[in-house]
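# Notes for the structure review
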Amino acid sequence: MPEVIFTGPAGRLEGRYHPAKQKNAPIAMVLHPHPQFHGTMNHQIVYQCYYAFVHRGFSVLRFNFRGVGRSQGSFDHGTGELSDAASALDWAQSINPEARACWVAGFSFGAWIGMQLLMRRPEVEGFISIAPPANLYDFSFLAPCPSSGLIVHGEKDAVVPPKDVNTLVEKLKTQKGIVIDQQIIPGANHFFDGKLEPLMESVTNYLDMRLANVR
């Protein structure tokens with residue numbers, strides 16, 4: 001799992017990158033939760049998602065947003081972090097010019113950034129959005145949402161009430177040409193404390209289903 005440093009809009013960004021063995025393997029990028037609430041690329045959910053993609057033959061990148069760990073810059077309330085994510089995807093694509101597809105996954109704040117990124121990057125063909133903070137941030141930019149993906153959240157989430165995520169999902173499900181899968185993890189809070197296993201089972205089952213259809 002090589003450590004990588006690449007240039008972002010506010011200076012150097014620190015990441016971890018796992019190259020796939022196949023030349024034309026798809027790329028995946030995993031985005032971490034809120035930088036001001038202990039969010040880093042080593043968060044357990046980010047780490048587990050990273051390896052879920054690795055084990056399925058993707059070239060995978062996770063990185064620290066500006067001001068986190070050894071990444072330069074300071075927190076920018078989402079605007080700068082979206083630019084960081086775009087730069088990170090640029091970097092991953094520059095070393096994988098033959099990649100046939102791209103996926104973006106994110107947890108909480110990272111899910112919000114990831115969904116904005118897929119609006120700007122038509123090559124993103126799938127997303128995994130874990131506990132998207134639909135009550136804290138505006139998701140109306142998803143009009144229309146360009147890719148199919150998974151939205152998974154906890155039944156007992158007190159930070160992002162399930163009703164707010166349900167409203168987002170119902171809005172997305174009215175769009176033609178994409179399929180939104182929603183999974184609710186019974187008994188799980190926003191951080192999936194004690195529920196990491198069912199969360200990752202939901203993520204990996206979804207990935208396997210999508211990848212089986214590709215092949």
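The structure under discussion appears in the preceding block.
Here the structure is a predicted model, which is why all the values come from computation and not from measurement.

## Describing the overall build of the protein chain
Regarding its fold elements, the protein chain presents five helices and eight strands. When the helices and strands of the protein chain are placed in sequence order, the string is β-β-β-α-β-α-β-α-β-β-α-β-α. Radius of gyration (C-alpha) of the protein chain: 16 Å, near the 17 Å computed for a compact globule of 215 residues. Looking at the protein chain as a whole, 54% of its 215 residues qualify as buried. Residue pairs in contact within the protein chain that sit at least 24 positions apart in sequence constitute 69% of those at least 6 positions apart.

## Remarks on the packing of helix α2 (residues 79-94) against helix α3 (residues 109-120)
For the pair α2 and α3, the least separation of the axes is 9 Å and the interaxial angle reads 60 degrees. As the angle between them shows, α2 and α3 are arranged oblique. With respect to the hand of their crossing, α2 and α3 are arranged in right-handed fashion. Within the contact between the two elements, α2 uses Glu81, Leu82, Ala85, Ala86 and Leu89 and α3 uses Phe109, Ile113, Gln116, Leu117 and Arg120.

## Concerning the nonpolar core
Of all hydrophobic cores here, the largest spans 39 residues; its most connected members are Phe6, Met29, Leu31, Leu61, Phe63, Ile113 and Leu172. Apart from residues lying up to four places away in sequence, Phe63 is in contact with Phe6, Leu13, Glu14, Gly15, Met29, Val30, Leu31, His32, Met41, Asp84, Ala85 and Ala88. Core analysis: the next-biggest nonpolar cluster, separate from the first, contains 29 residues, Val54, Trp103, Val203 and Leu207 among them.

## As for the packing of aromatic side chains
If you walk through the whole model with that rule in mind, you get 17 aromatic pairs. A centroid spacing of 5.1 Å and a plane angle of 75 degrees characterise the contact between Tyr50 and Tyr51, whose relative ring orientation is edge-to-face. You'll find Tyr50 and Tyr51 in the same group, each marked buried. Ring geometry for Phe63 against Phe65: centres 5.3 Å apart, planes inclined by 85 degrees, an arrangement best described as edge-to-face. The buried category is assigned to Phe63, whose relative accessible area is 1%. Grouping aromatic residues by their ring pairs yields a cluster made of Phe6, Tyr17, Phe63, Phe65, Phe75, Trp91, Phe109, Trp112 and Tyr137.

## Considerations on the environment of Val169
Structurally, the position occupied by Val169 is in helix α4 (residues 162-173). Apart from the residues lying within four places of it in its own chain, the contact partners of Val169 are Ile151, Ile180 and Gln182.

## Details of α3
Here α3 is twelve residues long and its end C-alpha atoms lie 17 Å apart, about the 16 Å a rise of 1.5 Å per residue gives. Counting buried positions along α3 yields ten of twelve residues, so the element is predominantly enclosed. Along α3, the residues classified as buried are Phe109, Gly110, Ala111, Trp112, Ile113, Gly114, Met115, Gln116, Leu117 and Leu118. If you follow the buried residues of α3, they end up packed against β3 (27-31), α2, β5 (102-107), β6 (124-130) and α4.

## Brief notes about the pattern of salt bridges
Within this structure, the stated rule accounts for nine salt bridges. Here Arg70 and Glu3 are joined by a salt bridge, their closest N and O atoms 1.9 Å apart. Placement of Arg70 in the loop between β4 (59-63) and α2 and of Glu3 in strand β1 (residues 3-8) is noted, with a sequence separation of 67 residues between them. Owing to a relative accessible area of 45%, Glu3 belongs among the partly exposed residues under this scheme. With a closest N to O distance of 3.5 Å, Arg70 and Glu14 form a salt bridge. Taken as a pair, Arg70 in the loop between β4 and α2 and Glu14 in strand β2 (residues 11-18) lie far apart in primary sequence, 56 residues in all. We classify Glu14 as buried; its relative accessible area is 6%.

Analysis parameters
Residues numbered from 1 in each chain as written. Predicted model: local features only at pLDDT ≥ 70, side-chain atom pairs only at ≥ 80, totals over all residues. Heavy atoms only, no water. Helix = DSSP H or I, 4+ residues; strand = E, 2+ residues; numbered from the N terminus. Rg over C-alpha atoms; globule rule 2.2 N^0.38 Å. Buried < 20%, exposed > 50% of the residue type's maximum accessible area, 1.4 Å probe, protein only. Contact = heavy atoms within 4.5 Å. Axes fitted to C-alpha atoms, helices over the stretch in contact; angles between N-to-C directions. Parallel < 35°, antiparallel > 145°, perpendicular 65-115°, else oblique. Left-handed = near helix turned anticlockwise from the far one by under 90°. Core = buried A, V, L, I, M, F, W, Y, C linked by side-chain atoms within 4.5 Å. Phe/Tyr/Trp six-rings, centres within 6.5 Å; stacked < 30°, edge-to-face > 60°. Expected span 1.5 Å × (residues − 1). Salt bridge = Lys/Arg side-chain N within 4 Å of Asp/Glu carboxyl O.

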